[in-house]
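# Per-entry structural report
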Amino acid sequence: MAAGDVAGGKMVAGQRRAWLVFEDEADQTLRPPEARTWERRGHTPVVLVSGKGSGRVSIAGLTCYRPGQRSRLIYRTITHRGRKNERRSFSERDYIALLDAAHQQLDGPIVCVWTT
């Protein structure tokens with residue numbers, strides 16, 4: 001993203017008295033971390049870890065700014081358990097619902113700066 005993109009977004013948001021909203025997404029596996037330990041030389045360390053894990057969690061968040069207002073964080077999560085026909089990430093409909101929720105909660109126009 002170029003610096004000019006954000007500056008342009010700030011100008012549009014200021015002219016419309018709108019919220020400037022930045023979007024980002026991430027995901028994280030729910031598998032347990034690899035266990036490590038130490039033991040005296042000649043003794044094999046044994047470390048137990050729980051199961052195979054339980055899937056992945058994806059999160060999409062919006063940070064919202066407007067002069068004279070406190071900043072806001074609006075987010076949604078999706079957990080993928082590995083079931084048949086289950087989505088692993090956010091769909092277009094999920095993003096539409098997130099932006100609609102932000103519009104409703106902020107009670108005003110929004111200018112979204114989308115990161116890739």
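Described in the following lines is the structure provided in the data block.

Cut-off values and rules
- Residues numbered from 1 in each chain as written.
- Predicted model: local features only at pLDDT ≥ 70, side-chain atom pairs only at ≥ 80, totals over all residues.
- Heavy atoms only, no water.
- Core = buried A, V, L, I, M, F, W, Y, C linked by side-chain atoms within 4.5 Å.
- Buried < 20%, exposed > 50% of the residue type's maximum accessible area, 1.4 Å probe, protein only.
- Helix = DSSP H or I, 4+ residues; strand = E, 2+ residues; numbered from the N terminus.
- Contact = heavy atoms within 4.5 Å.
- Disulfide = S-S within 2.5 Å.
- Pairing = 2+ DSSP bridges.
- Axes fitted to C-alpha atoms, helices over the stretch in contact; angles between N-to-C directions.
- Phe/Tyr/Trp six-rings, centres within 6.5 Å; stacked < 30°, edge-to-face > 60°.

Here we come to the nonpolar core. Counting 12 residues, the largest nonpolar core consists of Trp 19, Val 21, Ala 60, Leu 62, Cys 64, Ile 74, Ile 78, Phe 90, Tyr 95, Leu 98, Ala 102 and Leu 106. Put simply, the parts of the chain that give this core at least two residues each are strand S1 (19–29), strand S2 (56–65), strand S3 (72–80) and helix H2 (92–106).

Glancing now at the environment of Ala 60. Looking at the secondary structure, you find Ala 60 in strand S2. The sequence separation of Ala 60 and Phe 90 amounts to 30 residues, and the corresponding C-alpha distance is 7.9 Å. In this structure, Ala 60 is in contact with Asp 24, Glu 25, Ile 74, Tyr 75, Arg 76, Phe 90, Tyr 95 and Leu 98, ignoring residues within four places of it in sequence.

Here we come to the side chain of His 80. Relative to the assigned elements, His 80 resides in strand S3. Given the relative accessible area of 11%, His 80 is considered buried. Once you skip the residues sitting within four places of it in the chain, His 80 turns out to touch Ser 54, Gly 55, Arg 56, Glu 86, Arg 87 and Arg 88.

On to the state of the cysteines, then. A complete count under the given rule lists zero disulfides for this structure. In this structure Cys 64 is a free cysteine whose sulfur lies 8.7 Å from that of Cys 112, the closest cysteine sulfur available.

In space, the four strands of this open sheet follow the order S3-S2-S1-S4, with mixed pairing throughout. With partners counted over all chains shown, the strands left at the sheet margins are S3 and strand S4 (110–114), one partner each. Averaged over all pairs of adjacent strands, the angle between strand axes in this sheet comes to 25°, irrespective of strand direction. By the bridge criterion, nine bridges tie S2 to S3 in an arrangement that is antiparallel. Directly across from Val 57, in S3, lies its bridge partner Thr 79.

The next subject is the packing of aromatic side chains. In the structure shown here, the tally under the stated rule is two aromatic pairs. With a centroid separation of 6.1 Å and 65° between ring planes, the pair formed by Phe 22 and Tyr 65 is classed as edge-to-face. Of this pair, Phe 22 sits in strand S1 while Tyr 65 sits in strand S2, placing them 43 residues apart in sequence. Residue Phe 22 is classed as partly exposed on the basis of its relative accessible area, which comes to 22%. For the pair Phe 90 and Tyr 95, a centre-to-centre distance of 5.6 Å together with 40° between the ring planes defines the contact as tilted. You'll find Phe 90 and Tyr 95 in the same group, each marked buried.

Keep in mind these numbers describe shape, not what the thing actually does.
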